[in-house]
Amino acid sequence: METKEELEELKEPDTTRARCLFPMGYFASVEWADAEHALTLVASCRDATSLWRTIAFATPDPRCVGGPSDDDFEPVLDALGCSGGSFEDMFTVIVPGMATLAARAPLLFGRDDDALLSTTTTEAAEALASSLRLLPSGVSGTVSLSRAQVASLLAMSALGLGLPAEAYVRGDMSDGTYPFPSMLHLIWPKRGCDFVPNVEKVKCFCHYFRSALTNDESNDSNDSDDDKITITRVVDSSLETTASSGSNEEEGLNFWAASRAPLCALKVQPLHTSIDDQEGNGIVRVDFANAQIGGGVFLSTPGSTAQEEITFATHPELCVSKLLCEGMGDGEAILLRGARHITKHTGYLASFQCAGPVEGNVPTDVAARWLAIDALRYEDQGPASQLLNFQKTRRELHKAWTGFRGAVLHRETGAAAETIVATGMWGCGAFNGDPEVKALVQLLAASQAGVSQVLFHAWDDAATADGLMRLSEVLPGVSVGQLWRVMVAVAAELTVTCPRREGAFLKAVVVRLEKERSDREKRETGR
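Residues numbered from 1 in each chain as written. Predicted model: local features only at pLDDT ≥ 70, side-chain atom pairs only at ≥ 80, totals over all residues. Heavy atoms only, no water.

**So, the overall build of the protein**
Along the backbone of the protein there are 21 helices and ten strands. Counted over contacts in the protein with a minimum sequence separation of 6, partners at least 24 positions apart contribute 79%. Total accessible area on the protein stands at roughly 21,700 Å², and carbon and sulfur atoms take up 52% of it. (Helix = DSSP H or I, 4+ residues; strand = E, 2+ residues; numbered from the N terminus. Contact = heavy atoms within 4.5 Å. Areas by Shrake-Rupley, 256 points an atom, 1.4 Å probe, with all protein chains shown as cover.)

So this is what it looks like as structure tokens:
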């Protein structure tokens, strides 16, 4: 609980020390009054040009102030709202409704600042929580939001109105450590930059706002305690300290080589099965995250529809984490719970398409959990001898362990006793990770963390899927340490001149494990 002196610090304008999304006195400030006035004008706009003029004049987004001229943007909202289209109510229902959602912020986040500074009671802490704590790097913490609060925040992000100017400073693209909080560059791409996959993301958000308005999510009283979006930053340094002992990188991994923890169950899913297909109590889905959570979901650039961006676009309530979470460090992960699946989709990257709202426009799986962990980028997929870069592998083990352990420890009351992780080709796309190594790294980390089962999704990588299925047959009785030692030995046997072949690493690991089992059985029987 904050002392009076600590509460006083909330008045400080220094954004590097900000503790809450909305600074003290914000909703009584001229800045909010200007935003509130602009929101009333937004509600009366009936086409993209008039809406843009209203937003560009009032937004604190530094990249849009005095933004593109009226003929230098693609009128995406006009195109989506054309007569007979899926969003012909764009300027009669959706946009005015977004303005209403944003304008409710004082009721959802406001507080009595004078009363707050005159007390250090539990009520003061609750008042601070209502103003939305930020989740800075290096500090464990949890924030829970009602669906009404999330809808209001995302409406502010989409319209570029209502969020304080300092939120844009924290997320400045050049040197900010927080994700940039605005959707304006997604919704208002420059002329000729309305790339089809990104327009499909706009459709996803339009479905979300229509759903929020239909379900009256402007009313905060509709949310029960167990029907909230919860964001938890997990920070750990203990494993890094333990695993870093040693005079070189290889010795620094002795922690893993010495582990006697049993390997958890591994179940390889059919090809072309999505992680998002896994629903159920106790299942945690891995978000192949950017260090700044949400990645490019708010961007209009090519390539901004990879796994994380698609997940956040089809489950838009996840995007509120972009407004609160500073970028992740090596020993950090972010857990997210409660975001609903709003829209269906097909495709990936350039082929991504919004396939409309979920059946009956009824969002599902409100207890769903995600684990965001960011992978390292590898320069390229080099020769087989470089399969295990010890420095990078140690970091990836620590990152995955931190996240998986957090998922195990942060099970909600009433959740299944066992934690099941649904994951796949983490860091194996644009980041050039090796699928076979990354699969085993996640298996090791999950087992050490106490996960009961890993559901692995290889998507279209048949060689990795086949190798993992063979591996799953020899895992019973194998420890974390034994598998790690075998991985190191196999990598050492593959010389620099040996070309990398799909499935070769996993095949060699399985063969060595089978041999070790056979040798052990012979010793035990005295033969």
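From this point, things continue past the structure.
**Let's talk about the pattern of salt bridges**
One pass over the full model with this rule turns up 15 salt bridges. We note a salt bridge from R285 to D276, for which the minimum N-O separation is 3.5 Å. Residue R285 shares its accessibility class with D276, and that shared class is buried. With a shortest N-O distance of 3.1 Å, R395 and D330 are connected by a salt bridge. Here D330 lies in the loop between helix 16 (321-324) and strand 5 (332-337) and R395 lies in helix 17 (residues 390-409), a separation of 65 residues in the sequence. (Salt bridge = Lys/Arg side-chain N within 4 Å of Asp/Glu carboxyl O. Buried < 20%, exposed > 50% of the residue type's maximum accessible area, 1.4 Å probe, protein only.)

**Observations concerning the pairing of strand 4 (residues 283-289)**
Buried residues dominate strand 4, accounting for seven of its seven residues. Of the two faces of strand 4, the one lined by I283, R285, D287 and A289 and the one lined by V284, V286 and F288 are each fully buried. When strand 4 meets strand 9 (residues 420-424), the two strands line up parallel, connected through three bridges. Looking at strand 9, one finds that R285 is bridged to A422. Of the pairings in the sheet, the one linking strand 4 to strand 8 (residues 369-374) comprises six bridges and is parallel in character. (Pairing = 2+ DSSP bridges.)

**Describing the packing of aromatic side chains**
Per the stated rule, a full pass over the model turns up 13 aromatic pairs. Ring centres 5.1 Å apart and planes at 35° place the aromatic pair F22 and F109 in the tilted group. Residue F22 is found in the loop between helix 1 (4-8) and helix 2 (30-42), and its partner F109 is found in helix 6 (residues 105-109); the two are separated by 87 residues along the sequence. Residue classification places F22 among the buried residues on the basis of a relative accessible area of 1%. Consider the rings of Y26 and F27, whose centres lie 5.1 Å apart with planes at 70°: the pair is edge-to-face. Positioned above the aromatic ring of F298, the side-chain terminus of K322 is 5.4 Å from the ring centre. The residue whose ring lies beneath K438 is W426, and the NZ or CZ to ring-centre distance is 4.6 Å. (Phe/Tyr/Trp six-rings, centres within 6.5 Å; stacked < 30°, edge-to-face > 60°. Lys NZ or Arg CZ within 6 Å of the ring centre and 35° of its normal.)

**Regarding the sheet that holds strand 8**
Spatially, eight strands are ordered 1-2-5-8-4-9-10-3 in an open sheet, and the strand pairing comes out mixed. Strands at the two margins of the open sheet, each flanked by one partner only, are strand 1 (141-145) and strand 3 (265-268). Here the strands of the sheet are splayed against their neighbours by 20° on average, with no regard to which way each runs. Taken together, the four bridges between strand 5 and strand 8 define a ladder with antiparallel strand orientation. Within the sheet, the bridge partner assigned to L336 lies in strand 8 and is W370. Docked against the sheet, helix 9 (residues 147-159) engages strand 1 and strand 2 (229-235), running at close to 90° with respect to strand 1. Packed on one face of the sheet, helix 19 (residues 462-474) meets strand 3 and strand 10 (453-457) and runs near 145° to strand 3. (Axes fitted to C-alpha atoms, helices over the stretch in contact; angles between N-to-C directions.)

**Notes on the packing of helix 5 (residues 90-103) against helix 9**
One can describe the packing of helix 5 onto helix 9 by two numbers: an axis separation of 7 Å at closest approach and a directional angle of 120°. In terms of their interaxial angle, helix 5 and helix 9 are classed as oblique. For the crossing formed where helix 5 meets helix 9, the hand is left-handed. On helix 9, the residues touching M98, A99, L101 and A102 of helix 5 are A151, S152, A155, M156, A158 and L159. Residues of the contact of helix 5 with helix 9, tallied by class, amount to nine nonpolar, one polar and no charged. (Parallel < 35°, antiparallel > 145°, perpendicular 65-115°, else oblique. Left-handed = near helix turned anticlockwise from the far one by under 90°. Nonpolar A, V, L, I, M, F, W, Y, C, P; charged D, E, K, R; others polar.)

**Structural notes on the pairing of strand 5**
Judged by how many residues are buried, strand 5 sits mostly within the fold: six of six residues are covered. Side chains of strand 5 alternate between two faces, with E332, I334 and L336 and A333, L335 and R337 buried alike. Direction of pairing for strand 2 relative to strand 5: antiparallel, over a ladder of six bridges. Looking at the pairing, V234 lines up with A333 of strand 5.

**Things to note about helix 19**
For helix 19, with 13 residues, the first-to-last C-alpha span of 19 Å sits near the 18 Å given by 1.5 Å per residue. Those residues of helix 19 lying buried are T464, A465, G467, L468, L471 and V474. (Expected span 1.5 Å × (residues − 1).)

**Overview of the confidence of the model for the protein**
Overall, the prediction assigns the protein a mean pLDDT of 84, with 80% of residues at 70 or greater. Within the model, pLDDT remains below 50 along residues 1-17, and this stretch shows 32 contacts once partners closer than five positions in the same chain are excluded. (pLDDT = per-residue confidence, 0-100.)

**What about the nonpolar core?**
Ranked by internal contacts, the top residues of the largest apolar core, which has 89 residues, are L153, W188, F209 and I231. Apart from residues no more than four positions distant in its own chain, L153 is found in contact with L21, F22, F109, L132, L145, L163, V320 and L323. F288, L371, V408 and V451 belong to the second largest nonpolar core, which has 67 residues in total. (Core = buried A, V, L, I, M, F, W, Y, C linked by side-chain atoms within 4.5 Å.)

**Some thoughts on unusual backbone geometry**
A positive phi angle, near 65°, is found at H272, a position not held by glycine. In the Ramachandran plot, L349 falls in the positive-phi region, its phi being about 50° despite a non-glycine side chain. On the secondary structure map, L349 appears in the loop between strand 6 (343-346) and strand 7 (353-357).

**Quick word on the side chain of D461**
Here D461 shows up in the loop between strand 10 and helix 19. Under the relative-accessibility criterion, D461 is labelled buried at 15%. Setting aside residues up to four positions removed in sequence, D461 forms contacts with L271, M425 and P435.

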